[in-house]
Amino acid sequence: MAAKRGPTPRPGILDIAPYVPGTSALPGAGPVVKLSSNETPLGPSPRAVEAYLAEASCLSRYPDGSARPLREALAKLYGLDPGRIVCGAGSDELLNLLAASYLGPGDEAIYSEHGFLVYRIAIQARGATPVAAQETDLTADVDAILTRVTDKTRMVFIANPNNPTGTYLSFDEVKRLHAGLPEHVILVLDAAYAEYVRANDYEAGIELVATTQNTVMTRTFSKIYGLAALRLGWAYCPAPIADALNRIRGPFNVTGPSIAAGIAALQDQPHMLAAVEHNTLWRGGMAEALTGLGLRVTPSAANFLLLHFPKANGKTAHDADKFLHERRIVLRRVDEYGFPDALRMTIGTEDENRVALEALTTFMGANGKSGR
Ligand code: PMP
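Parameters at a glance
Note that residues are indexed from 1 along each chain, following the sequence as it is written. Reporting of local features is limited, given that this is a predicted model, to residues whose pLDDT is at least 70; pairs of side-chain atoms are given and counted only at 80 or more, and all residues count toward the totals for whole chains, interfaces and linings. By convention in this description, side-chain values take in all heavy atoms of the structure and omit both hydrogens and water. Throughout, the edges of the domains are those of an automatic or database domain assignment. We call two residues in contact when some of their heavy atoms are within 4.5 Å. As used here, buried area is the combined drop in accessible area, with a 1.4 Å probe, of two parts when they are placed together. When a carboxyl oxygen of Asp or Glu is within 4 Å of a side-chain nitrogen of Lys or Arg, the pair counts as a salt bridge. Two N or O atoms count as a polar contact when they lie within 3.5 Å, although within protein this holds only if one can serve as hydrogen donor and the other as acceptor, and sequence-adjacent residues are included solely when both atoms are side-chain atoms. The way it works is that DSSP assigns letters per residue, a run of H or I at least four long becomes a helix, a run of E at least two long becomes a strand, and they are numbered from the N terminus. Here, a strand pair is defined by DSSP locating no fewer than two bridges between the strands. Helix axes use the C-alpha atoms of the stretch in contact, all axes being lines fitted to C-alpha atoms, and the angles between their N-to-C directions lie in the range 0 to 180 degrees. Only protein chains enter the calculation, and the probe is 1.4 Å; a residue is then buried if its accessible area is under 20% of its type maximum, exposed if over 50%, and partly exposed in between. Disulfides are defined in this document as cysteine sulfur pairs within 2.5 Å.

This brings us to the domain arrangement of the chain. Segmenting the chain into domains produces domain 1 (27-43 + 270-367) and domain 2 (46-267). Inter-centroid distance (C-alpha atoms) of domain 1 to domain 2 is 26 Å. Contact residues are listed per partner, giving 26 residues for domain 1 and 24 residues for domain 2. Of the roughly 2100 Å² buried between domain 1 and domain 2 on both sides combined, carbon and sulfur atoms contribute 66%. Scanning the region where domain 1 abuts domain 2 turns up zero salt bridges. Where domain 1 touches domain 2, the interface holds seven residue pairs in polar contact (both at pLDDT 80 or more). Put simply, the parts of the chain that give the side of domain 1 that touches domain 2 at least two residues each are helix H10 (269-292), strand E12 (304-308) and strand E15 (339-346). By residue number, the principal contributor to the side of domain 1 that touches domain 2 is H10, which donates seven residues.

What follows is the structure, given as structure tokens:
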């Protein structure tokens, strides 16, 4: 039979490996301990929930098209120019808008070897060529990135800290990276996990955006602010880049309830700081306890840990994943990030952390069997 003829996507689209989100449900009944998507265990601020619910009475109205009240709230909190902030449906949308505005066939864009997978997808979706730069100690390597720059390079994406490794680049290293890039290349600093970093040598990107013409910082309300379901992110850009993004984004790309909840979340800084404190405490405690079990844990500046499992039969990351699923605990498989021997674990509530630790203690202690 002749093959059916129908619409065909542009060249390259079908070469894209679809993004696979962290598992959120398991077969069977009962709750799941979900530590697979880097969500905050403290949830959103109650003030954000209240603001969201209050918007239910205005659902027939379009929101402010440029999310102006939210941009103004962000500008006030961080001391920024609201005209250079662009809001989006998650920072994912902003990463894609950047690629759509500046990349096309024949262009190259660089990301680090184990970098967040959305970059590669956004690059390929525009028909541009993704170029992976090797990392050193599972950390973006400035020299390796700079050696991959060619006259076709248009953009460099860095997650700082990176997902799924949790490693970060110091501000000095970020500045060195920027200084080595040609002026027409955009450096995208994806600071989705910025609030979690407790290191004196870290800067999310505001200073470089303010002082250069080719740096963009992206941020999100999905992580520390606990509003992942609303899909809310923002980018701080040089004015001409904000202008480009504003020309192609959907005219009402951020919803009214999201704008209201985002503003209220920003106003509840004590809630945000409590989430940082919880994370700092448990990130350190879990890293130490898991290392004590014989797992190698990559030092993390974010709200998750990358756990490297042995290769021995019965002890592998895949065995651990299965063992944990049987106990209704879900971590994140990271095979597609180049880590078939690792799982990524989000820092959860105290109870969730203890349950996961107990299960992994049993798993690592059980001698080469499935642990039962
Ligand atoms: N950047 C990084 C590094 C991330 O880990 C994520 C979430 N997985 C995002 C961006 C996207 O987050 P969102 O679209 O929810 O803002």
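From this point, the discussion proceeds with the structure in view.
On to the sheet that holds strand E14 (residues 332-334). Backbone-to-backbone hydrogen bonds pair the strands of a sheet. The strands run either parallel or antiparallel. One open sheet accounts for four strands, arranged E11-E12-E15-E14; its pairing is antiparallel. Two strands bound the open sheet, and with one partner strand each, they are strand E11 (296-298) and E14. Here the average twist between neighbouring strands, direction ignored, is 35 degrees. This element, H10, spans E11, E12 and E15 of the sheet and lies at about 10 degrees to E12.

With that settled, the discussion passes to the side chain of asparagine 163. Within the element layout of this structure, asparagine 163 appears in the loop between strand E7 (153-159) and helix H6 (171-180). The buried category is assigned to asparagine 163, whose relative accessible area is 6%. A polar side-chain atom of asparagine 163 sits 2.6 Å from a polar atom in the side chain of arginine 344. The residues touching asparagine 163, leaving out its near neighbours within four places in the chain, are Asn38, His114, Gly115, Phe116, Tyr193, Phe304, Tyr337 and Arg344.

Quick look at the state of the cysteines now. Tallied over the entire structure, the rule returns zero disulfides. The cysteine cysteine 58 is free of any disulfide, with cysteine 87 supplying the nearest cysteine sulfur at 18 Å. When its relative accessible area of 31% is taken as the criterion, cysteine 58 is described as partly exposed. Of all cysteine sulfurs in the structure, the one in cysteine 87 sits closest to cysteine 237, which takes part in no disulfide; the separation is 10 Å. Judged by its relative accessible area of 0%, cysteine 237 is buried.

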